[in-house]
Amino acid sequence: MLYRQPMTLIAIRCTLFGVFIVTGIVRMGLSIAAPGRIGDTLPQLLLVGLSGALVVMLFTELARRFPPPLSDNRLRQVAYAILLVSSVNLIIKGLI
C-alpha cells in the first residue's frame, strides 16, 4: 500500500524499515517471554537477530553500490512479491 501513496521513495523505505524493526523486536520479545522458554532460547535469538541485521546491512550496502538492473516499477513488483510470500508463509505457519 505504501507504494501507491504520494510519498517519496526514501520515506517509503524508511517506513518499511521501521515497521520491520518493530515487528522483529516484538516477535523476538514474544519468543523470549513464551511460557516455559524464558531464558532458554535467548542466546540463539540474539545470535539469529544479530546475524540477520548484519546480512541486511551488507546487502543494503551492496544494493546501494551496485543497483540491480531493474526499472523502479519492476523492483517494486519484486519487493511486493517477496513481502506477499513471506506474509503467506507466516499465516500458514500460524494456522498449522
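Each remark here, short or long, concerns the structure printed above.
Residues numbered from 1 in each chain as written. Predicted model: local features only at pLDDT ≥ 70, side-chain atom pairs only at ≥ 80, totals over all residues. Heavy atoms only, no water.

**Re the pattern of salt bridges**
Selection rule: We define a salt bridge as a side-chain nitrogen of Lys or Arg found within 4 Å of a carboxyl oxygen belonging to Asp or Glu. Runs of H or I in DSSP of at least four residues are treated as helices and runs of E of at least two as strands, each being numbered from the N terminus. The cut-offs for exposure are 20% and 50% of the maximum accessible area for each residue type, with area from a 1.4 Å probe on protein chains only; residues under the lower value are buried, those over the upper are exposed, and the others partly exposed.
For the structure on display, the rule yields two salt bridges. Among the ionic pairs, Glu61 bridges to Arg64, the shortest N-O distance being 3.2 Å. Of the two residues, Glu61 and Arg64 both sit in helix 2 (residues 42-65), three residues apart, roughly one turn of that helix. Of the residues examined, Arg64 reaches a relative accessible area of 58% and is grouped as exposed. Across the salt bridge formed by Glu61 and Arg65, the nearest N and O atoms sit 2.8 Å from each other. Taken together, the residues Glu61 and Arg65, both in helix 2 and four residues apart, mark about one turn of the helix. Note on Arg65: relative accessible area 59%, which makes it exposed. By sharing partners, the salt bridges in this structure join Glu61, Arg64 and Arg65 into a single network.

Bear in mind that shape data such as this cannot, by itself, settle questions of function.
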